[in-house]
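# A look at the structure
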Amino acid sequence: MTTATSASIPVEYDDTPVKWMLYPAVLFMVIGMLFGVYIAFNTFVFPDYFSGEYVHFGRVRPVHVGNVTLSWLLSADIGLFYYFVPRLCGVPLWNPSLAKWGAGLWWFCNILGNFSYPWGTNFGWEYAELPVWVSVFPIKVLFGIAWGMVVLNLFMTIARRRYEKMYVSLWYTMGTLIWTTFTVIVGFFVINWVPGGISRVNVSWFYVHNLVGLIYTPMGLAQAYYFLPKLANTPIYSHRLSMIGFWALAFVYAWIGAHHMIHGPISQWLQTTSIVFSLWLFIPVWTVVHNLFATLQPAWQAYTQSAPIRFLMMGNIFYLLTCVQGPLMALRNVNEITSKTDWVIGHSHISLYATFTFFAIAGIYQALPVITKKPLWSKTLADWHFSLNFLGSIPFLLALWIGGFLQGMQWATWADGSTYEVFHNNLTILPFVQTIADMRFWWILRGIGGLIILFGNILFVVNIYNTIVLQPREEEKVAA
Amino acid sequence: MSHPHKIELSALLTVLGVILLFSTAVTVVLVSPSFVDPSWREPSSSYQVQIYEVSDPNFYIGKAMTGSSDLEFVNHIKKGYTLLAFHETPTLRILAPQELQKYVTEEKEPKLKLTSRLLLLRPPGKEIQEEADKKQKELQAAWEKEHPKWKEEQKSPPYFEIFELYEAQGDEAFAPAATDGIVENWVDGGTFELLDPALFPHQKGGGAIYINNPREYRVEHYTFGSTEGWRYSPKGTPIKNLEELKQHALGFRSRQELIALGEHIYAIEGCWYCHTDQTRTLVQDVVLNGSANYPAPPSAANEYIYQQITFPGTRRIGPDLSRTAIKRPYRDWHKGHFWAPKTASEGSIMPSFRHFFDNDPRGQGRATMGIPNYRFEAIYQYLMTKGTRITPPTQAWWLGKDPVNTKAIIEGRGNLIDTSRGNNETKGKSP
């Protein structure tokens, strides 16, 4: 076996680029969540308590979204790529100094871009808010270049690998690199070259859904497939099943952007196409979920012993939930109720937070002792970290789902009856603002859940910081 | 161990496979729709084309310099481009020289006469003052005849406005607009006649936007205490050119510029995180956006074709805005609402947008000029495009002339029409 032969040749991995991506990413997760909690309270619980041009919801929301999606999740994913791709290839990263320059550029445009929104730089398209210019810096272009540096480095590493057979994580990695590059170019630049109106909307939703489906999903799954066998010390259950999942993902995702516009002013045939392909999503999901559960099956007790495994498996369950929700929300009759309500916000949080953030956290827990050569500072704190994240996510997500569903049902009451007079009378009895007022309880619950999650992740930052600063290196310990 | 840099077949096939699957999807869902569905590119009505392409760039909005919060509206009239009508009313009469007489539409004439020659109205000059006075007396005498008991009824004969029609020098002129032009003057059907049609390239089928009874926009310099500036005055000097109108002293901006700025403000303020901009093909949506009597027609793809950014939205924390210009057309309502949404709309959780205002619009500020700043006017103009431009005003859905028969459909009396396609104008039939 190639692994056996290569294991005998020691490889010196340079993990500095990993650290340059992961450490700031963890910090920005907490900062991003802090902004999330701020808007949860300042908009929904105490509306407009802090009021004014630079602090109101519309200007701060993209700071939250940008920080948690780009500065935290995408950055952490890149850091973990730098960690496991060389290790799966058996060669050091192709060019660590390119990676370091890239990380510098990456953080420059992420920090500058994501904190510039309160001063009015929002690009105006969802998930593509990153400004074209901040002062003299072309942020979108620089971001694209920084991403290109990541792609080049990882592809060159894979091309120079020593192990002939590619593990599934590498497949997902390569897919991500191609898809993301294309998706970013489309969502950042091409959108301005197509005709105004619905054509751009269509491109925007294509970008939005690919961002989740063809960037975060394969990145997260690559991590899950790498870190679960590592953490639990069991081989992957079925490599073939993971391949089926990969190709199903590649087949399905690019088609489904238009399901964000169901019942909207977009062609019916396009809506139907997106619905059909959304239903296909059950296949890649099922392969992943089954594969990960079956992988852990011989070692279930590890779930109780290891916080990162709990993160991974709970992320897996949330992945199942999010991907059952997704196709169902695309159905016209379900969409009628859930669309434009908090259900959608809940859905985006379950995927990017409860699934892929959980995966990335698990990966960081596995990678941290290796890249620092120090054991984790506190296992108890890690247990608390998981428990608080899990317990916080329950009221958080349930509030969004139940609240959103109830609001959708309230809106649907306007359609009770058979004549316009009756419809309109329904609206008079239950005006729109009343359906906003009725959300208050759920919004308070969501805010509390968010607070718990924030607190849990502050413990994570403390744990990482103390590991880096307080723990002695393992060889030093051995020497002493 | 494989040789470094050697790309084996399976890896190559993977990359090619991924690219193939992806590009197929891109071709079908991104590239093809705008070819398959003309409504993604073609405008909904010739009114939409004309208001965006002819009217907006030539309609100017500025602060009135009179110390109130009023605005002034000015049309930029171009020779051979702008359509003008000279329409007499019960109290307005036009004196025209022989060769221009054909451009005057008399009160009871069935067809409105339109021209793109650069003609304007002005108070009668010295040479025809006598004629004007005579006309005034004639008209008042006629009125007295019509109202024989006017003295017993304690009425007095009206003062008739009499104007002289003249051909202006140069290629352009500026005329004050009587309204804010949210809905423009529009004629269609057989109700107008286009004189010298070759001069006006925009009117294709349908109808035409026109400017009614334009007079020249003149300004004069004034000083009042320590303040000085310019104000509209019929006896002042005419505006020379566009630069003068747009320069700092007068500060006019075209509606097109304001709408574009409004769209930008809508983007950077994040309005779109809480408001959708689409009336979906759902009963709840057409009811939510409709009036007491008429449902709002669902949004069609071609409503959005003149936008740089479109905000269909994912969440309705506030109500949908796609028909706002009909539901909430009043500038004062929006002023109050942006200033203090929770007061203006009870139960709202919308943040206040006081940075849209230089001063308190309620007039309680220290300054005497309670004028919203350009940001308010921009966002207001942007919002006023929502729902007003999908059909010509004569086919307006708010008058029950629904382009897609929404009411019949939601009451189960009609077949579902795919609202994303088709020309609204041709389907203008109401239940």
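Each value, and the rule that gives it
- Residues numbered from 1 in each chain as written.
- Chains lettered and ligands numbered in written order.
- Predicted model: local features only at pLDDT ≥ 70, side-chain atom pairs only at ≥ 80, totals over all residues.
- Helix = DSSP H or I, 4+ residues; strand = E, 2+ residues; numbered from the N terminus.
- Rg over C-alpha atoms; globule rule 2.2 N^0.38 Å.
- Buried ≥ 20, exposed ≤ 12 C-beta atoms within 10 Å, placed from the backbone.
- Expected span 1.5 Å × (residues − 1).
- Contact = placed C-beta atoms within 7 Å.
- Domains from an automatic or database assignment.
- Nonpolar A, V, L, I, M, F, W, Y, C, P; charged D, E, K, R; others polar.
- Pairing = 2+ DSSP bridges.
- pLDDT = per-residue confidence, 0-100.
- Axes fitted to C-alpha atoms, helices over the stretch in contact; angles between N-to-C directions.
- Parallel < 35°, antiparallel > 145°, perpendicular 65-115°, else oblique.
- Left-handed = near helix turned anticlockwise from the far one by under 90°.

### What about the overall build of chain A?
- Within chain A, the regular secondary structure consists of 19 helices and 0 strands.
- On C-alpha atoms alone, chain A measures out to a radius of gyration of 23 Å, which is about the 23 Å that the 2.2 N^0.38 rule sets for 480 residues.
- Principal-axis analysis of the C-alpha atoms gives chain A an extent of 85 × 55 × 45 Å.
- The buried share among the 480 residues of chain A stands at 56%.

### Digging into helix α6 (residues 255-268) of chain B
All names here are of chain B.
- Between the first and last C-alpha of α6 there are 20 Å, a value that for 14 residues agrees with the 20 Å anticipated at 1.5 Å per step.
- Within the span of α6, buried status applies to R255, L258, I259, G262, E263, I265, Y266, A267 and I268.
- Among the structural elements, β1 (59-63), β17 (253-254) and α11 (374-383) are those in contact with the buried residues of α6.
- In the segment just after α6, G270 is the residue with positive phi, at about 70°.

### Thoughts on the domain arrangement of chain A
All names here are of chain A.
- As far as domains go, chain A holds domain 1 (10-164) and domain 2 (374-470).
- Every contact between the two is made by 12 residues of domain 1 and, on the other side, 13 residues of domain 2.
- Residues belonging to the side of domain 1 that touches domain 2 are distributed by class as follows: 11 nonpolar, 1 polar and no charged.

### Some points on the interface of chain A and chain B
- Residue-level contacts link 73 residues of chain A with 70 residues of chain B.
- Considering every element that reaches the side of chain A that touches chain B, the biggest residue donor is helix α7 (residues 198-232) of chain A, with 7 residues.
- In the side of chain A that touches chain B, the residues fall into 38 nonpolar, 24 polar and 11 charged.

### A word on the sheet that holds strand β16 (residues 237-238) of chain B
All names here are of chain B.
- As summarised here, the arrangement of the 3 strands in space is β15-β14-β16, forming an open sheet in which the pairing is antiparallel. Where the open sheet ends on each side, the last strands, each with one partner, are β15 (227-232) and β16.
- Where strand β14 (residues 218-224) and β15 come together, 6 bridges link them in antiparallel fashion. Note on β15: the bridge partner recorded for T223 is E228.

### Some details on helix α3 (residues 46-55) of chain B
- Among the 10 residues that make up α3(B), 8 are buried, leaving the element largely enclosed by the rest of the structure.
- Among all positions of α3(B), only S46(B), Y47(B), Q48(B), V49(B), Q50(B), I51(B), V54(B) and S55(B) are buried.

### Some thoughts on the confidence of the model for chain A
- Summarising the model, chain A shows a mean pLDDT of 94, and 97% of its residues fall at 70 or more.
- When the criterion is pLDDT under 50, residues 1-7 of chain A qualifies, and its contacts beyond four places in sequence or with other chains add up to 7 contacts.

### Considering the pairing of β14(B)
Residues and elements named next belong to chain B.
- Judged from the 2 bridges that link them, β14 and β16 form a sheet pairing that is antiparallel. Bridged to R218 within β16 is P238.
- Counting the residues between successive antiparallel strands, the hairpin from β14 to β15 contains 2 residues, one of them, G225, with a positive phi of roughly 60°.

### Examining unusual backbone geometry
All names here are of chain A.
- Phi is positive for K340, close to 65°, though the residue is something other than glycine.
- Inspection of the secondary structure puts K340 in the loop between α13 (332-338) and α14 (342-372).
- With 27 C-beta atoms counted inside 10 Å, the residue K340 sits in the buried group.
- Of note, K373 is a non-glycine position whose phi angle comes to about 55°, a positive value.
- If you trace the backbone, K373 turns up in the loop between α14 and α15 (379-413).
- When the 14 C-beta atoms within 10 Å are taken as the criterion, K373 is described as partly exposed.

### Quick look at the environment of S274(A)
Residue and element names in this part refer to chain A.
- In this fold, S274 is placed in helix α9 (residues 268-280).
- Take S274: there are 24 C-beta atoms within 10 Å of it, and that puts it in the buried class.
- Along the chain, S274 and P284 lie 10 residues apart, while their C-alpha atoms are 16 Å from each other.
- Residues within four places of S274 in sequence aside, it is in contact with W255, I256, G257, A258, H259 and A330.

### What about the domain arrangement of chain B?
All names here are of chain B.
- When cut into domains, chain B gives domain 1 (47-246) and domain 2 (254-420).
- Between the C-alpha centres of domain 1 and domain 2 there is a distance of 30 Å.
- Listed by contribution, the elements that provide at least two residues to the side of domain 1 that touches domain 2 are α3, β1 and β10 (186-188).
- Counted by class, the side of domain 1 that touches domain 2 contains 10 nonpolar, 6 polar and 3 charged residues.

### Notes on the sheet that holds strand β8 (residues 161-167) of chain B
Residue and element names in this part refer to chain B.
- Strand order in the open sheet made by the 3 strands is β4-β8-β7, with mixed pairing throughout. Where the open sheet ends on each side, the last strands, each with one partner, are β4 (92-95) and β7 (119-122). Strand-to-strand twist across the sheet, computed as the mean angle between neighbouring axes with direction ignored, equals 35°.
- Looking at chain direction, β7 and β8 are connected through 4 bridges and run antiparallel. Counterpart to R122 in the pairing with β8 is E164.
- Against the sheet, helix α4 (residues 129-146) contacts β4 and β8, and its axis sits at roughly 145° relative to β4.

### Notes on the packing of helix α4 (residues 96-114) of chain A against helix α5 (residues 139-159) of chain A
All names here are of chain A.
- Where α4 meets α5, the axes come as close as 9 Å, and the angle between the chain directions of the two elements is 150°. One finds that α4 runs roughly antiparallel with respect to α5. Of the two possible hands of crossing, α4 and α5 adopt the one that is left-handed. Contacts between α4 and α5 involve L98, A99, W101, G102, L105, W106, C109, L112 and G113 on the former and, on the latter, I139, L142, F143, I145, A146, M149, V150 and N153.
- When grouped by side-chain class, the residues that make up the contact of α4 with α5 number 14 nonpolar, 3 polar and no charged.

### Focus: the environment of Q308(B)
- Secondary-structure assignment places Q308(B) in the loop between α7 (283-288) and α8 (324-327).
- On a C-alpha basis, the gap between Q308(B) and E263(B) in space is 8.0 Å, while along the polypeptide they are 45 residues apart.
- If sequence neighbours within four positions are ignored, Q308(B) has contacts with G196(A) and E263(B).

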